[in-house]
Amino acid sequence: MLDMKLIRDEPERVREAMVKRHLDPSPVDRILALDEERRELIQQVEEMRSERNTVSKEIGQMKDQAARQEKIESMRDLGERIDKVDEALKQVDDDLQALVSVIPNIPDPDVPVGVDDSDNVVLRTVGEAQKFDFEPKPHWELGPELGIIDFDRGVKLAGSRFYVLSGPGALLQRALVFWMVDLHIRQGYLEKYPPFMVREDILFGAGQLPKFKDNLYRDHEEDLWMIPTAEVPLTGLHLGEILSEEQLPIHYTAYTACFRREKMSAGRDVRGIKRGHQFDKVEMYTYCKPENSPAEHDKMLKDAEETVAALGLPYRVLLQSTGDLGFGSHKTYDIEVWAPGCGEWLEISSISNVGDFQARRAGIRYRPADGKSTRFVHTLNGSGLGMPRTLIAVLENYQQADGSVVIPDVLRTLMGGYEVIRPV
């Protein structure tokens, strides 16, 4: 959430940021009008309460019972007027909160202006795409032939966009998750295993509500929500807390299943397991002091790159444009891997510096060592990495001419003796 003072003092900056994101900036004007109305109502109610306090003291000192009763009656009228202004103030507060909560973060000056992901800027490409002496197959052919991906039974169990991993396929995904968590622990992250369901206020604090309500799964009876990413509970861990400066930076990693109502359309994303309503992901998350967030962003990107490189996958790093930038993000890097069977680059990690956007919503501050006023922390998040696209990249890049798939070296100790997955 943006600072109301920023919107009040620099409305044009906020409008420009929204235009860069191809959003209608007119809500800024409504926010300013509501903010002015709110301040006027606050002044009114404070003046009336001050008057009531003064008169109450006078009543206590009055000897004339008739005059005293007259004053008491007038105070009843004043009390009713205060109640009405309080009610109006609450409504204005609610309306203002609703509008401010859907204003996105302001992009960093480094973020290129663009329409969509086609305007993302490739910063570097690492590794070369493997040259095959045969036509590489996409994972939606490899998986069934290897007996490790069952699309039909996934649909039978839960409908479209679900699948079942079997045998060495399930083992390979589990090995990837275990290996990535262990790597992040070595990189300095503390592992957390959070709930996969959270309360509404946790989702609001992470910036998922109300903006993405239609993309989330909810248990209406218990009013719990399935998490779309581990970023949500990792933000919520310190909801409403004041940390000490000595605690920062804090680095967390977590494996969770993730649940999203993916809006599917005909095209390249429909085939296979690239998009689904349920998927696994290993998350990296950082709390830090504001002045350190650019360096922490670089660290998180380095750690994600190390993960991809250790798997031996060719990848590239992109800087997201304003047209692709996430709602809460100030600046985001994408890591994409080459999938030779699909014939495309697949995003397997987005590493975002969110600034104090989430911390304001979630009320997460820290107290400087000098004891001065508390400040909002900065938060950062990144996939390290996301499934199933990492699984896709491994299957398609390590496939052999005979239809088998070689297991990457770093995963073999976790694969129960498998070095190669062969067709059934």
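This is a predicted model, so every value here is computed, not measured.

Enquirer: A description of the overall build of the protein chain should follow, citing residues and the corresponding values.
Expert: Scanning the protein chain from N- to C-terminus turns up twelve helices and 18 strands. Seen through its C-alpha atoms, the protein chain measures out along the principal axes to roughly 105 × 45 × 40 Å. Within the protein chain, residue pairs in contact and separated by at least 24 positions form 73% of the contacts whose partners lie at least 6 positions apart. When the accessible surface of the protein chain is totalled, it reaches about 20,400 Å², and 48% of it is carbon and sulfur. For the protein chain, the centre of its 54 positive side-chain charges and the centre of its 72 negative side-chain charges are spaced 2 Å apart.

Enquirer: Account for the nonpolar core, naming residues and giving values.
Expert: Of all hydrophobic cores here, the largest spans 51 residues; its most connected members are Leu172, Leu176, Val308, Leu313, Ile335, Val337 and Leu391. At nine residues, helix 7 (residues 168-186) tops the list of elements feeding residues into this core. Once you skip the residues sitting within four places of it in the chain, leucine 176 turns out to touch Leu311, Met387, Thr390, Leu391, Val394 and Leu411.

Enquirer: An account of the sheet that holds strand 5 (residues 197-198) is needed here, citing residue identities and associated values.
Expert: Pairing is antiparallel in the open sheet, where three strands are placed in the order 5-7-6. With partners counted over all chains shown, the strands left at the sheet margins are strand 5 and strand 6 (218-219), one partner each. Pairing of strand 6 with strand 7 (residues 224-226), which is carried by two bridges, proceeds in the antiparallel orientation. For aspartate 219, the partnering residue across the bridge sits in strand 7 and is leucine 224.

Enquirer: I'd love a proper account of helix 3 (residues 27-61), names of residues and values included.
Expert: With 35 residues, helix 3 should reach 51 Å at 1.5 Å per residue; the first-to-last C-alpha distance of 51 Å fits that figure. Val28, Ile31, Leu34, Asp35, Leu41, Val45, Met48, Val55 and Ile59 are the residues of helix 3 that are buried. Tucked inside the fold, the buried residues of helix 3 contact helix 1 (4-9), helix 2 (11-20) and helix 4 (65-100).

Enquirer: Give a description of the pattern of salt bridges that names residues and reports values.
Expert: A complete count under the given rule lists 28 salt bridges for this structure. Between arginine 39 and glutamate 36 there is a salt bridge; the shortest N-O distance is 3.1 Å. Note that arginine 39 and glutamate 36 are positioned in helix 3 at a spacing of three residues, about one turn of the helix. We classify glutamate 36 as partly exposed; its relative accessible area is 37%. Aspartate 201 serves as the salt-bridge partner of arginine 199, at 2.8 Å between the closest nitrogen and oxygen.

Enquirer: Which residues make up the sheet that holds strand 8 (residues 242-244), and what values do they have?
Expert: The strand order across the open sheet formed by three strands is 8-14-15, and the pairing between neighbours is mixed. In this open sheet, the two edge strands, each paired with only one partner strand, are strand 8 and strand 15 (375-376). Bridge analysis of strand 14 (residues 365-367) against strand 15 gives two bridges, and the strand direction is antiparallel. Looking at strand 15, one finds that arginine 365 is bridged to phenylalanine 376.

Enquirer: Describe the packing of helix 2 against helix 3, naming the residues involved and giving the relevant values.
Expert: Interhelical geometry of helix 2 versus helix 3 gives an angle of 150 degrees and a closest axis separation of 10 Å. With respect to helix 3, the axis of helix 2 lies roughly antiparallel. Helix-helix and strand crossings are classified by hand; for helix 2 and helix 3 the assignment is right-handed. Across the interface between the two elements, Pro11, Val14, Arg15 and Met18 of helix 2 pack against Val28, Asp29 and Leu32 of helix 3. Residues belonging to the contact of helix 2 with helix 3 are distributed by class as follows: five nonpolar, no polar and two charged.

Enquirer: Describe in detail a negative patch on the surface, supporting the description with residues and values.
Expert: A cluster of like negative charges, contributed by Asp77, Glu80, Asp83 and Glu87, occupies part of the molecular surface. Within the secondary structure layout, aspartate 83 lies in helix 4. Using a relative accessible area of 52% as the deciding quantity, one classes aspartate 83 as exposed.

Enquirer: Let's hear about the packing of aromatic side chains: which residues, and what values?
Expert: Across all of its chains, the model carries eight aromatic pairs by this definition. Seen from their ring centres, phenylalanine 132 and phenylalanine 134 are 5.2 Å apart, and the 70 degrees between their planes marks the pair as edge-to-face. A ring pair is formed by phenylalanine 196 and tyrosine 255, whose centres lie 6.4 Å apart and whose planes are at 85 degrees; its orientation type is edge-to-face. Separated by 59 residues along the polypeptide, phenylalanine 196 in the loop between strand 4 (190-192) and strand 5 and tyrosine 255 in strand 9 (residues 250-259) bring together distant segments of the chain. Each residue in the set Tyr193, Phe196 and Tyr255 is aromatic and connected to the rest through ring pairs, giving one cluster.

Enquirer: Tell me about helix 4, and name the residues and values.
Expert: One full turn of an α-helix is made of 3.6 residues, so residues set three or four places apart face in the same direction. Over its 36 residues, helix 4 runs 51 Å from end to end, which matches the ideal 52 Å to within 8%, given 1.5 Å per residue. Taken together, the buried positions of helix 4 are occupied by Met75, Leu78, Gly79, Ile82, Val85, Leu89, Val92, Leu96 and Val100. Among the structural elements, helix 1 and helix 3 are those in contact with the buried residues of helix 4.

Enquirer: Quick one: what's the story with the packing of helix 7 against helix 12 (residues 389-397), residue by residue and with numbers?
Expert: Packing of helix 7 against helix 12 leaves a shortest axis separation of 10 Å and a crossing angle of 115 degrees. Relative to helix 12, helix 7 is oriented so that their crossing is right-handed. Contacts from Leu172, Gln173 and Leu176 in helix 7 reach Thr390, Leu391, Val394 and Leu395 in helix 12. In the contact of helix 7 with helix 12, the residues fall into five nonpolar, two polar and no charged.

Analysis parameters
- Residues numbered from 1 in each chain as written.
- Predicted model: local features only at pLDDT ≥ 70, side-chain atom pairs only at ≥ 80, totals over all residues.
- Heavy atoms only, no water.
- Helix = DSSP H or I, 4+ residues; strand = E, 2+ residues; numbered from the N terminus.
- Contact = heavy atoms within 4.5 Å.
- Areas by Shrake-Rupley, 256 points an atom, 1.4 Å probe, with all protein chains shown as cover.
- Lys, Arg positive; Asp, Glu negative; His and termini not counted.
- Charge placed at Lys NZ, Arg CZ, Asp CG, Glu CD.
- Core = buried A, V, L, I, M, F, W, Y, C linked by side-chain atoms within 4.5 Å.
- Buried < 20%, exposed > 50% of the residue type's maximum accessible area, 1.4 Å probe, protein only.
- Pairing = 2+ DSSP bridges.
- Expected span 1.5 Å × (residues − 1).
- Salt bridge = Lys/Arg side-chain N within 4 Å of Asp/Glu carboxyl O.
- Axes fitted to C-alpha atoms, helices over the stretch in contact; angles between N-to-C directions.
- Parallel < 35°, antiparallel > 145°, perpendicular 65-115°, else oblique.
- Left-handed = near helix turned anticlockwise from the far one by under 90°.
- Nonpolar A, V, L, I, M, F, W, Y, C, P; charged D, E, K, R; others polar.
- Patch = residues over 30% accessible without salt bridge, like charges linked within 9 Å, V, L, I, M, F, W, Y side chains within 5 Å.
- Phe/Tyr/Trp six-rings, centres within 6.5 Å; stacked < 30°, edge-to-face > 60°.

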